Amino acid sequence: MRRLLVIAVALALPPAALADPPPSGIVHPSAPPGTPLVELGYQLYAGNCSSCHGSKGEGVPKLGAVEGAGDVPGAGPSLRSVGALSADFYLRTGYMPLDDPGHQPHRSRVLFSNHEIEAMVAYVASLGNGPPVPKPHPERGNVAEGLHLFTSHCAGCHQVVARGGYVTGGVAPPLSNSTDVQIAEAVRVGPYLMPTFSPHAISDRQLDSIIAYVAYAKHPDDRGGWSIGRLGPVPEGLVTWWIAIVALVASCLVLAGRLKS
Amino acid sequence: MTKFKDWLVAGAVLLLSKTHPSRRDDEQRIVPDAPPDPRAETWVLALFGLASLAAVGFIVVYALDRLSHQTQWLGVTLGLALAFLAAACTVIGKRLVATEELAEDYPQPDDHVGDQEAVVEIVEESGDRLSRKRLLKLGGAAAGGSLGLALLTPAVSLGPVFDMSRFYGTPWTRGRRLVDERGRPYRADGIEEAVFYTAYPEGADRETIGAPVLVVRLKPAALHLGSHKPVAEWAPQGILAYSKICTHAGCAIALYRKPTFPVTEPRPAFVCPCHYSTFDPATGGTVLFGPAGRPLPQLPLLVDPRGQLRARGNFDQPVGPSWWGVRMEKPNP
């Protein structure tokens with residue numbers, strides 16, 4: 001009887017153990033007020049980033065080679081010379097922290113306060129000689145020039161209306177929620193599979209025009225009426241097939257109905 | 001003034017008075033008699049009124065010009081006017097115009113046997129005057145056949161049939177410089193990693209299919225071009241040039257995917273936006289994915305003493321979408 005009980009408990013245990021995931025989530029260090037920004041940033045970094053980017057931002061070049069805190073098998077690039085620009089982009093878009101190092105980063109809820117992000121950006125900037133957070137001036141840009149540049153550099157993946165698209169192996173995100181600074185950062189960073197555009201390829205002045213165009217593309221003048229998603233012939237065809245043709249068939253049935261004798 | 005009043009009264013009387021059509025006796029009527037339907041008439045009048053209102057609304061919206069969503073209002077008013085008019089016509093057709101259904105039996109099939117024989121006889125006897133029937137048939141077939149052939153002839157303009165030589169031509173010759181959109185020569189040290197560039201042959205027609213090339217720089221250690229393509233000739237300093245025209249359907253390859261962290265992310269590749277053919281620049285343009293049937297043509301490069309990029313020769317294979325015999329010849333300038 002006792003043996004049976006042991007077996008029953010052993011059978012019941014694994015599901016119970018699976019039901020409780022290991023504790024995970026964002027580490028918010030309790031730094032006393034007045035802690036230097038870089039110091040707070042380091043504590044946040046150590047708690048949330050180091051498992052993939054290494055204890056001092058040197059990166060974890062291979063999957064499974066765990067160097068950071070915790071026992072998450074991590075892999076991430078070095079942050080030694082990416083600068084404040086990259087850190088600001090990845091943290092403010094919610095791209096980082098990433099739940100699985102093999103996944104494509106995607107826009108998600110930002111889990112840090114503004115102060116914490118500033119601290120981490122300051123810490124990453126202190127790791128090496130990287131570019132600062134850019135300050136775009138879209139009001140100096142030209143929407144027409146921006147359209148031209150966007151068509152030749154960006155529209156291949158993001159579509160000419162900046163609604164996003166696909167490449168083999170990745171997703172080009174829509175730019176509808178991107179801020180001006182994030183667009184300027186993404187062009188210089190080239191997150192995930194996106195190419196990098198140096199100031200030689202796209203100057204800061206041209207970048208202003210691109211940002212001005214993306215801002216316009218978020219709310220373009222739909223002179224033809226309702227936009228129905230601005231996806232071109234697909235939604236228009238859906239309207240034709242699902243509404244117009246149904247209405248036409250229904251009216252044909254009414255008109256050609258035989259007289260009841 | 002009184003004359004105007006007279007006209008007004010006369011018009012009102014004409015409009016409002018009920019007409020009394022001259023009714024013939026029931027025996028003489030073709031269409032069966034049916035009682036008037038005042039309710040349906042009222043409906044029709046109401047629908048006509050609504051159609052007029054909607055049409056006037058269209059004019060008002062057009063005249064106001066400063067309404068928000070003006071296009072939508074124009075569409076709604078015009079659409080409603082047409083819909084009300086159609087509804088009025090439907091009510092007239094269904095309720096006010098007298099209709100009747102008459103069924104007529106089909107004739108029995110064997111009723112026509114005599115007629116069929118007569119037709120056959122007429123056809124045979126009509127041809128009695130022809131003495132060289134076979135020759136005439138042959139002549140008719142020749143005329144019809146050559147007319148059909150004449151109609152098919154313009155299809156030859158769809159493409160060359162026998163002479164494919166111009167498919168192999170490209171503007172690239174040894175020593176020709178690679179220039180950007182504005183005609184400025186590319187320098188080898190200006191080609192950065194993780195960026196992709198479109199280059200054109202200097203002083204040549206950019207509209208030809210062989211003209212545009214993609215230029216990228218990869219780490220020399222990542223290259224696997226094969227033994228028949230020495231790195232010094234095909235990728236000096238790790239710089240590679242490929243035709244920008246997809247070998248599947250001839251679209252311009254506009255996508256370059258570049259991993260930020262190559263350990264976990266897909267390898268660098270050119271992607272065609274039309275059907276997602278994906279080419280690997282590190283292995284000589286081989287197809288990684290998609291419907292393209294052959295690799296992307298690669299252009300051998302050299303860096304001149306001034307550091308500028310020049311073509312070392314022509315592409316390793318013909319440019320553009322494939323055709324039968326695409327592998328039979330090498331491209332030529």
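Criteria and cut-off values
- Residues numbered from 1 in each chain as written.
- Chains lettered and ligands numbered in written order.
- Predicted model: local features only at pLDDT ≥ 70, side-chain atom pairs only at ≥ 80, totals over all residues.
- Pairing = 2+ DSSP bridges.
- Helix = DSSP H or I, 4+ residues; strand = E, 2+ residues; numbered from the N terminus.
- pLDDT = per-residue confidence, 0-100.
- Contact = placed C-beta atoms within 7 Å.
- Axes fitted to C-alpha atoms, helices over the stretch in contact; angles between N-to-C directions.
- Parallel < 35°, antiparallel > 145°, perpendicular 65-115°, else oblique.
- Left-handed = near helix turned anticlockwise from the far one by under 90°.
- Nonpolar A, V, L, I, M, F, W, Y, C, P; charged D, E, K, R; others polar.
- Buried ≥ 20, exposed ≤ 12 C-beta atoms within 10 Å, placed from the backbone.
- Core = buried A, V, L, I, M, F, W, Y, C linked by C-beta atoms within 7 Å.

Residue and element names in this part refer to chain B. With respect to topology, five strands assemble into an open sheet ordered E1-E2-E3-E4-E9, the strand pairing being antiparallel. The open sheet has two free edges, formed respectively by strand E1 (178-179) and strand E9 (298-299), since each of these has just one partner strand. The pairing of strand E3 (residues 213-217) with strand E4 (residues 239-243) spans five bridges and is classified as antiparallel. Of the residues in E4, the one forming a bridge with Arg217 is Ile239.

We now examine the confidence of the model for chain A. Mean pLDDT over chain A works out to 83, with 84% of the residues at or above the 70 mark. Every residue in residues 12-23 of chain A scores below 50 in pLDDT, and together they form zero contacts with partners more than four places removed in sequence or on other chains.

All names here are of chain B. Viewed as axis vectors pointing N to C, helix H2 (residues 38-64) and helix H3 (residues 70-96) meet at an angle of 165°, and their least axial separation amounts to 8 Å. Relative to H3, the element H2 lies roughly antiparallel. Judged by the sense of rotation from one axis to the other, the crossing of H2 with H3 is left-handed. Here the residues of the contact of H2 with H3 sort into 24 nonpolar, three polar and two charged.

Contact residues are listed per partner, giving 32 residues for chain A and 29 residues for chain B. Contributions of two or more residues to the side of chain A that touches chain B are made by helix H7 (155-158) and helix H10 (233-256) of chain A. Looking at side-chain class alone, the side of chain A that touches chain B contains 17 nonpolar, 13 polar and two charged residues.

All names here are of chain B. One open sheet accounts for four strands, arranged E5-E6-E7-E8; its pairing is antiparallel. Since the sheet does not close on itself, it has two edges, and those belong to strand E5 (255-257) and strand E8 (286-289), each with one partner. Going from strand to strand, the sheet's axes swing by 35° on average, the running direction of each strand aside. Pairing geometry for strand E6 (residues 269-271) and strand E7 (residues 278-280), over two bridges, is antiparallel. Looking at the pairing, Val271 lines up with Thr278 of E7.

Another point: the pairing of E3 of chain B. Residues and elements named next belong to chain B. Most of E3 sits inside the fold, with five of its five residues counted as buried. Along E3, one buried face is formed by Val213, Val215 and Arg217 and the opposite face, lined by Leu214 and Val216, is buried too. Note: strand E2 (residues 196-201) against E3, four bridges, orientation antiparallel. Following the sheet pairing, Tyr197 is matched in E3 by Val215.

Bringing unusual backbone geometry into the picture now. Backbone torsion omega between Met96 of chain A and Pro97 of chain A reads -5°, so that peptide bond is classified as cis. Along the chain, Pro97 of chain A turns up in the loop between helix H4 (83-92) and helix H5 (114-127). With a phi close to 60°, Gln237 of chain B is a non-glycine residue in the positive phi region. Assignment of secondary structure puts Gln237 of chain B in the loop between helix H6 (231-234) and E4.

Our focus in this paragraph is the nonpolar core. One finds Val124 of chain A together with Val215, Ala241 and Phe270 of chain B to be the most contacted residues of the largest nonpolar core, which totals 91 residues. Ranked by residue count, the leading element in this core is helix H9 (residues 204-218) of chain A, at eight residues. Contacts of Phe270 of chain B, omitting those with residues within four sequence positions, involve Leu214, Tyr242, Ile253, Leu255, Tyr256, Phe279, Pro281 and Leu296 of chain B.

Before going further, it helps to spend a moment on the confidence of the model for chain B. All names here are of chain B. Considering every residue of chain B, the mean pLDDT works out to 88; 96% of them sit at 70 or more. Ranking the helices and strands of chain B by mean pLDDT puts E4 first, with 96, and helix H1 (residues 2-16) last, with 79. For this predicted complex, the interface confidence comes out at an ipTM of 0.72, alongside a pTM of 0.68.

Attention now goes to the environment of Gly102 of chain A. Mapping Gly102 of chain A onto the fold places it in the loop between H4 and H5. In sequence terms Gly102 of chain A and Gly76 of chain A are 26 residues apart; their C-alpha atoms lie 9.4 Å from each other.

All names here are of chain B. Here three bridges tie E7 to E8, and the two strands are oriented antiparallel to one another. Within E8, the residue paired with Thr278 across the bridge is Phe289. Here E7 folds back onto E8 in antiparallel fashion, the turn holding five residues, of which Gly284 has a positive phi close to 80°.

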